[in-house]
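Observations on the model geometry
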Amino acid sequence: MVVGGQSGGYYSSLTAQVTQDTLTSLGYGYFAKGRRLVSLDNPVTDALFSVGTRIRLVQDPAGGPGKVPRNATTAVPPLVTVRPRLRLPDGTARFGTSVFANQEMLLGARVYDPPAPITWTRGGRGPVTLTTTCTPGSRAYLSALTFNGSATMNGGRPVAFAGKLPAVRPPLRSIGVVPASGKVRVELRHTGWLGLPEQPIGCLVPGRLERAVQQLSATGATQVQVAGTPSPPGYRPAATARRSSRFRGSRAGGARPVTAPRAPPPTSA
């Protein structure tokens, strides 16, 4: 219902362009030139799509050689939220080049640190180093367009990226927690062409996201219903189906049920 697909990661040769454009603008990745979308593990997009529970593979706590699934639950707003004071941009507005700004635009709150100057350093043919500053305790994320290699923040654990445009784009990934000094130093070891967006690093401040989630939860819909739309008399459905959705009320009050407009029945040539 949210993205017209089968969750955040699925394969289809008929993936809608608007689905791919929307998800990649938020930091999702893809294979096969966009036909195989790659799910994104990010708390901001989880809040946007009301994903409250995630199952991740972690090292076996019993000391086994493999990994075991572990679920983690976080507070997220309801799937339908109401923002009566929101002023939508005009019809010419589009997603920008920063996945962090795009996420904030849909969330309606500033949760990442404002873009700070980033210094690029390359030592001969060696790795590229990015340095910047962020709020201590925030979590740093790296956005890569066509980066194939690993990113290591402040000498920590390397994080792998596999990008090769136009076929493969890696998703936004967490690279570490910002230390008390606020200094971020990211070493990029790569093969092939290194392609990064204008704002490759974003630092998410947990407290800001928590406040945004609380606000959206307080004004969210209290009930969501999804129901079928009756067909005109004599109409026989083909390979497609129409759905309508509506919500009743909100904790903010003043919300009215909204029903998707009916599409006219198909006509034969």
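Scroll up to find the structure this text is about.
Remember, predicted model here, so these are calculated numbers, not experimental data.

Calculation notes
- Residues numbered from 1 in each chain as written.
- Predicted model: local features only at pLDDT ≥ 70, side-chain atom pairs only at ≥ 80, totals over all residues.
- Heavy atoms only, no water.
- 1 Å grid on protein atoms, 1.4 Å probe; cavity = no way out; pocket = protein on both sides within 12 Å on 5 of 7 lines; lining within 4 Å.
- Points joined across faces, edges and corners; volume = space filled by probe spheres on them.
- Nonpolar A, V, L, I, M, F, W, Y, C, P; charged D, E, K, R; others polar.
- Disulfide = S-S within 2.5 Å.
- Helix = DSSP H or I, 4+ residues; strand = E, 2+ residues; numbered from the N terminus.
- Buried < 20%, exposed > 50% of the residue type's maximum accessible area, 1.4 Å probe, protein only.
- Contact = heavy atoms within 4.5 Å.
- Core = buried A, V, L, I, M, F, W, Y, C linked by side-chain atoms within 4.5 Å.
- Salt bridge = Lys/Arg side-chain N within 4 Å of Asp/Glu carboxyl O.

**So, empty space enclosed by the protein**
One pass over the structure, following the stated rule, counts one cavity of 30 Å³ or more. Here the largest cavity is characterised by a volume of approximately 30 Å³. Every residue lining the largest cavity is listed: Gly 27, Tyr 28, Ser 143, Ala 144, Arg 169, Pro 170, Pro 171 and Leu 172. In the lining of the largest cavity, the residues fall into five nonpolar, two polar and one charged.

**Let's talk about the state of the cysteines**
Going through the model one piece at a time under the given rule, you end up with one disulfide. A disulfide bridge connects Cys 134 with Cys 203, and the sulfur atoms are separated by 2.0 Å. Its torsion about the S-S bond being 65 degrees, the disulfide of Cys 134 and Cys 203 is classed as right-handed. Of this pair, Cys 134 sits in the loop between strand S6 (128-133) and strand S7 (139-142) while Cys 203 sits in strand S12 (residues 201-204), and the two are 69 residues apart along the sequence. Residue class for Cys 134 comes out buried when judged on its relative accessible area of 13%.

**So, the environment of Val 58**
Tracing the sequence through the fold places Val 58 in strand S3 (residues 53-59). Judged by its relative accessible area of 31%, Val 58 falls in the partly exposed class. Separated by eleven residues in the primary sequence, Val 58 and Pro 69 place their C-alpha atoms 6.3 Å from one another. In this view, Val 58 contacts Gly 66, Lys 67, Val 68 and Arg 70; residues no more than four positions away in its chain are not counted.

**Overview of the nonpolar core**
Val 44, Leu 107, Val 111, Tyr 112, Leu 172, Leu 204 and Leu 209 are the most contacted members of the largest nonpolar core, which totals 22 residues. Counting residues per element, the ones that place at least two in this core are helix H2 (43-48), helix H3 (99-107) and helix H4 (206-218). Per-element tally for this core: the top contributor is H4, with four residues. Discounting residues that sit within four places of it in the chain, Val 111 has contacts with Val 44, Glu 104, Cys 203, Leu 204, Val 205, Arg 208, Leu 209 and Ala 212. Counting 20 residues, the second-largest nonpolar core is a separate cluster that includes Val 128, Ala 151, Ile 175 and Leu 196.

**Thoughts on the pattern of salt bridges**
A complete count under the given rule lists six salt bridges for this structure. The salt bridge involving Arg 208 is made with Asp 113; its shortest N-O contact spans 3.3 Å. One end of the pair, Arg 208, is in helix H4; the other, Asp 113, is in the loop between H3 and strand S5 (119-122), and 95 residues separate them in sequence. What you see here is one network of salt bridges that share partners, running through Asp 41, Asp 46, Arg 54 and Arg 56.

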